[in-house]
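Chain by chain, the residues run as shown.
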Amino acid sequence: YSHRPGRFLRHVDTRNDFVGVIFVHTVAMEAETRAWIEAVLGEKLGECSLQQELKDGVVLCNLANALKPGSAVKPSTSKMPFKQMENVASYLAACKELGVAPFEMFMTVDLFENKNMQAVLVNLQSVGRIAQSLPGYTGPAFGAKMATATPREFSESQMAEARGSATFLNQG
């Protein structure tokens, strides 16, 4: 396991009792995420930390709606904490609709109270990965590209030949 930027770590998430893969939270990872969000939205974020820029949920809702129009409600610009948390919850619902895996989601307090920024970054990586396969998406690639199925068709003669040949395991 490595602690270099962009490397994976295995860890146990006690909230959901599963083994998952998370990124080491680094300044570089935050900068890549910020750059992707800015490119998708076509506008610069403010000068605050990424956590502070995302905390009210407005940027997140706009991101979800840029990827799939109407997937998140129009965000409230109110400074009331419960309204900001509703924005984040709307973004998370949009993520679920987009197909983000449950283990790549974060809890609202992870972002709002800056409890687990790594979980937020992992979620955004997942959204970036899913965005690459959305119809009509022409924005920048972000996150690992999703694998696509490559079905193989074998003739009956090829199957018979394979059944009769020695495999690595039965060669001794």
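As shown above, the structure is provided for reference.
A brief look at the structure comes next. Everything quoted here is computed from the prediction, not taken from an experiment.

**Here we look at the side chain of Glu38**
Part 1 of the reasoning: Of note, Glu38 is situated in helix H1 (residues 27–41).
Part 2 of the reasoning: Classification of Glu38 by relative accessible area gives buried; the value is 13%.
Part 3 of the reasoning: Filtering out sequence-adjacent residues up to four positions away, Glu38 remains in contact with Glu43, Lys44 and Leu45.

**Observations concerning unusual backbone geometry**
Part 1 of the reasoning: For Asn114, which is not glycine, the phi dihedral falls at a positive 55°.
Part 2 of the reasoning: As for its placement among the helices and strands, Asn114 is situated in the loop between helix H5 (108–112) and helix H6 (117–131).

**Some words on helix H3 (residues 58–67)**
Part 1 of the reasoning: Of all 10 residues in H3, 8 are buried; the element is thus mostly enclosed.
Part 2 of the reasoning: Along H3, the residues that are buried comprise Val58, Val59, Leu60, Cys61, Leu63, Ala64, Asn65 and Leu67.
Part 3 of the reasoning: Along its buried surface, H3 packs onto H1, helix H2 (50–54), helix H4 (81–98), H5 and H6.

Definitions and cut-offs
- Residues numbered from 1 in each chain as written.
- Predicted model: local features only at pLDDT ≥ 70, side-chain atom pairs only at ≥ 80, totals over all residues.
- Heavy atoms only, no water.
- Helix = DSSP H or I, 4+ residues; strand = E, 2+ residues; numbered from the N terminus.
- Buried < 20%, exposed > 50% of the residue type's maximum accessible area, 1.4 Å probe, protein only.
- Contact = heavy atoms within 4.5 Å.

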